[in-house]
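Residues per chain, in single letters:
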Amino acid sequence: MAEGGIVRVRHCGAAIFCRRAPARCPACGSPLRGAGLPAAPVRLPGPFRHGHRQPRALLLRPAAGTFLGGYDGRSDLHVGVSSSQGVVYNYDEEGVHRAETGWEQCISIPLVQPDMFGLLQQWDKLLEEFSAGEDWLPHRYDEHDHNCYTYALAFVNSVLTAQGKQQMSKSEFTERFVIPRTKQASRYLTLHQELTAKDFYIVPLPDGENQG
Ligand SMILES: [Zn+2]
């Protein structure tokens, strides 16, 4: 499904969100062209990425359905790790899957900096070897304690260890890397849902941002 872009303009002391930039302010009806920089339309960066085009990343998607296809913000997310070729390794009650489709709309957390040459080269080998470990056999799966997230985090930690770096706890990793992006995605989904039902979503700006 198309991402459905969102545009923001500012007028009448409000942030006005819509699908395409309006000629006139939906609140007061005055023309927006020439109304100054705050009224200039800004296209919001969408928080979702095509996971099979995100090499060496931790990816999150809804366990069922898609984010923009009606995700309710509460249902489980499924987590995977992509190879250098965008194959998404993910663990569930059937063991490790190497998915070439199904991760087209994801929250993406890059795991390798572009200057980490050694790791760039070895990534696929490390991921494949890690995934072949018996920890990730189907019968070891447990919905709460040994799941897709356990798998992805254990892989991240195995890479950190191999580089002589300190491992990260689940809460540390979640707070530093996952929550900032899920929060951003959540805000975007709220706008997306509002704009499914109506043409404009108008949010009063706090005092101090009221210019324009
Ligand atoms: Zn206005």
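Check the entry above for the structure.
Caption draft 1: Quick look at helix 2 (residues 148–162). Compared with an ideal rise of 1.5 Å per residue, which puts 15 residues at 21 Å, helix 2 spans 21 Å between its outermost C-alpha atoms and is within 8% of the ideal. Where helix 2 is concerned, the buried positions are Cys148, Tyr149, Tyr151, Ala152, Leu153, Phe155, Val156, Asn157, Val159 and Leu160. In this structure, the buried side of helix 2 is in contact with strand 4 (57–62), strand 5 (77–82), strand 6 (88–92), strand 7 (95–99), helix 1 (117–131) and helix 3 (170–197). Glycine 164, located one to two residues past helix 2, shows a positive phi value of around 75°.

Caption draft 2: Structural view of the coordination of the zinc ion. For the zinc ion, the full set of protein donor atoms is His11 (ND1), Cys12 (SG), Cys25 (SG) and Cys28 (SG), and the range of their distances to it is 1.9 to 2.4 Å. Coordination at the zinc ion comes from four donor atoms whose angles at the metal span 103 to 121°, giving a geometry best classed as tetrahedral. The sequence pattern describing where the donors of the zinc ion fall on their chain is H-C-x12-C-x2-C. Within this pair, whereas histidine 11 is found in strand 1 (residues 7–11), its partner cysteine 25 is found in the loop between strand 2 (14–18) and strand 3 (42–43), the two being separated by 14 residues in sequence. Judged by relative accessible area, histidine 11 falls into the buried class, the value being 11%. Cysteine 25 gets classed as buried once you look at its relative accessible area, which sits at 2%.

Analysis parameters
Residues numbered from 1 in each chain as written. Predicted model: local features only at pLDDT ≥ 70, side-chain atom pairs only at ≥ 80, totals over all residues. Heavy atoms only, no water. Helix = DSSP H or I, 4+ residues; strand = E, 2+ residues; numbered from the N terminus. Expected span 1.5 Å × (residues − 1). Buried < 20%, exposed > 50% of the residue type's maximum accessible area, 1.4 Å probe, protein only. Contact = heavy atoms within 4.5 Å. Donors = N, O, S within 2.8 Å, 3.2 Å for Na, K, Ca; no water. Tetrahedral: all angles 85-135°; square planar, octahedral: opposite > 155°, others 65-115°.

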